[in-house]
Amino acid sequence: MKMYGSNLRDTLIGTAKSDTIKALGGNDLIATAGGVDTILAGDGNDMITGFSFKLSSKSTSGAVDPDDPSIIMSGASARSSAQKKITVDGGDGEHDVMLIEMTAAKGVSEVDTFKTAIKVRNVEEFIYNFGNVTADQKILGSNSKNGIETIVVAGGNANVDLRGGDDAIFTGAGDDIIKAGGGSDFIHAGEGHNTVSSGSGIDHFHFHLTGTYQYTNITDFEGGVDKIVISIDFDQVNLIRGTSHDAPLPVRWYGDGYLGVGSPLNAYVSYNHGREFDADDFTRIDPDLAFDDWALYEQSTGSIFVIHYEEHSWGLETEVVLVAHVEPGTVIDESDFSFRMI
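This write-up is about the structure you can find in this document. Everything numeric in this text was worked out from a predicted model, so none of it was measured. (Residues numbered from 1 in each chain as written. Predicted model: local features only at pLDDT ≥ 70, side-chain atom pairs only at ≥ 80, totals over all residues. Heavy atoms only, no water.)

### Notes on the overall build of the protein chain
The test is simple: Helix and strand assignments follow DSSP, with helices taken as H or I runs no shorter than four residues and strands as E runs no shorter than two, numbered in order from the N terminus. Burial status follows relative accessibility: with a 1.4 Å probe on protein chains alone, a residue under 20% of its type maximum counts as buried, one over 50% as exposed, and anything between as partly exposed. Residues are treated as being in contact if the distance between any of their heavy atoms lies within 4.5 Å. For the area figures, the Shrake-Rupley method with a 1.4 Å probe applies, and any residue is considered shielded solely by the protein chains shown.
When its secondary structure is counted, the protein chain shows two helices and 25 strands. The buried share of the protein chain, reckoned over its 342 residues, is 50%. When contacts within the protein chain are restricted to residue pairs at least 6 apart in sequence, those whose partners lie at least 24 apart make up 46%. A total of about 14,900 Å² of accessible surface is found on the protein chain, and carbon and sulfur atoms cover 50% of it.

Pasting the structure below:
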């Protein structure tokens, strides 16, 4: 079946058969539905989704098994590697995205081995979405610099090595071990007791208080290079600032709303691709508010605290919450922190 979009923002959903989908212009949402499709996204910043893969262990095949129907798109039939592959061409857009549902292998698995079953070109970002994982399921990012990779893990004790490239990772509840590797990476380790190594490059470590235990040990934070990024709910901030938030920050939209697979993806990845954080994003309306209204750093112990405000019947209460440790004695000043409102 052949399907055509327009030069507007379209939503195109394929069939279980082999389709040719030409989206043309506009920022489109394109969803495959089980066939060996050819997807030509065209101009615009497009989201391409509908893929589901079960990874094989890197220690055995090193790739997805092309004869295993569970690794092909939901509903697709098994096929050998010699047969026709799904083809995806993101076209001329500046930031086309593929969203791929992943199941980690037992042992070690590498995210971009799905490309053994799909021909991909002109796609700028790959979002790999994993469900719950266990500590013995190690996930390897790609060493390829051909596109940004974003890894989302819903929960469990994630063990992830991002390796090369400018990447992002978002994990849910669990005691995670994350190695950022080379490149400038954005790291959000969720609830639990996490250990993160930043590696080389300018890395951003993100913290957002959720009301549950969240603590990260950063083994190699470099002051003057790496950044601590703190997200503050603007409803909470309004208790102090006494003003409304009338200038929403930009968010990517696809179709009729967010295209996401849960709150980590919607809340973080959709925000400027999860990377554009700058102190200027947080405008201090009250000139009396200083840096230490939001964060504290204790150099002797390497402790990083976020200041949390709660409104009670008796008034506003301040709580100082430990969120991270760096090597004691590491020199960190205000320039190493960025804040944003969400």
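### Quick notes on the sheet that holds strand β5 (residues 38-40)
Strand pairs in the sheet, formed through backbone hydrogen bonds, run parallel or antiparallel to each other. Quick reminder of the rule: We call two strands paired when DSSP finds no fewer than two bridges between them. Between N-to-C directions, angles cover 0 to 180 degrees, with each direction set by a line fitted to C-alpha atoms, over the stretch in contact for helices.
Judged by pairing direction, the sheet is parallel, and its five strands sit side by side in the order β1-β3-β5-β7-β10 without closing on themselves. At either margin of the open sheet sits one strand with a lone partner, and together these are β1 (2-4) and β10 (118-121). Here the average twist between neighbouring strands, direction ignored, is 5°. Of the pairings in the sheet, the one linking strand β3 (residues 20-22) to β5 comprises three bridges and is parallel in character. Following the sheet pairing, threonine 20 is matched in β5 by threonine 38.

### A closer look at empty space enclosed by the protein
In plain terms, the rule: Definitions used for this entry: grid spacing 1 Å over protein atoms alone; cavity, a set of points where a 1.4 Å probe fits but cannot get out; pocket, an open set with protein on both sides within 12 Å along at least 5 of 7 lines; lining residue, one with an atom within 4 Å of a point. Grid points are joined across faces, edges and corners, and a volume is the space filled by probe spheres set on the points. Note on residue classes: Ala, Val, Leu, Ile, Met, Phe, Trp, Tyr, Cys and Pro are nonpolar, Asp, Glu, Lys and Arg are charged, and everything else, Gly too, is polar.
One pass over the full model with this rule turns up four cavities of 30 Å³ or more. Approximately 60 Å³ is the volume attributed to the largest cavity. Lining the largest cavity are Asp112, Lys115, Phe126, Tyr128, Ser142, Ser144, Asn146, Gly147, Ile148 and Glu149. At the level of secondary structure, the elements contributing two or more residues to the lining of the largest cavity comprise β11 (125-133) and β13 (148-156). Broken down by class, the residue content of the lining of the largest cavity amounts to three nonpolar, four polar and three charged.

### Some details on the side chain of aspartate 37
Under the convention used in this document: Polar contacts here mean pairs of N or O atoms no more than 3.5 Å apart (in protein, one a potential hydrogen donor and the other a potential acceptor; neighbouring residues in sequence count only if both atoms are side-chain atoms).
Mapping aspartate 37 onto the fold places it in the loop between β4 (29-31) and β5. A polar contact is formed between the side chain of aspartate 37 and the backbone nitrogen of aspartate 19, at a distance of 2.7 Å.

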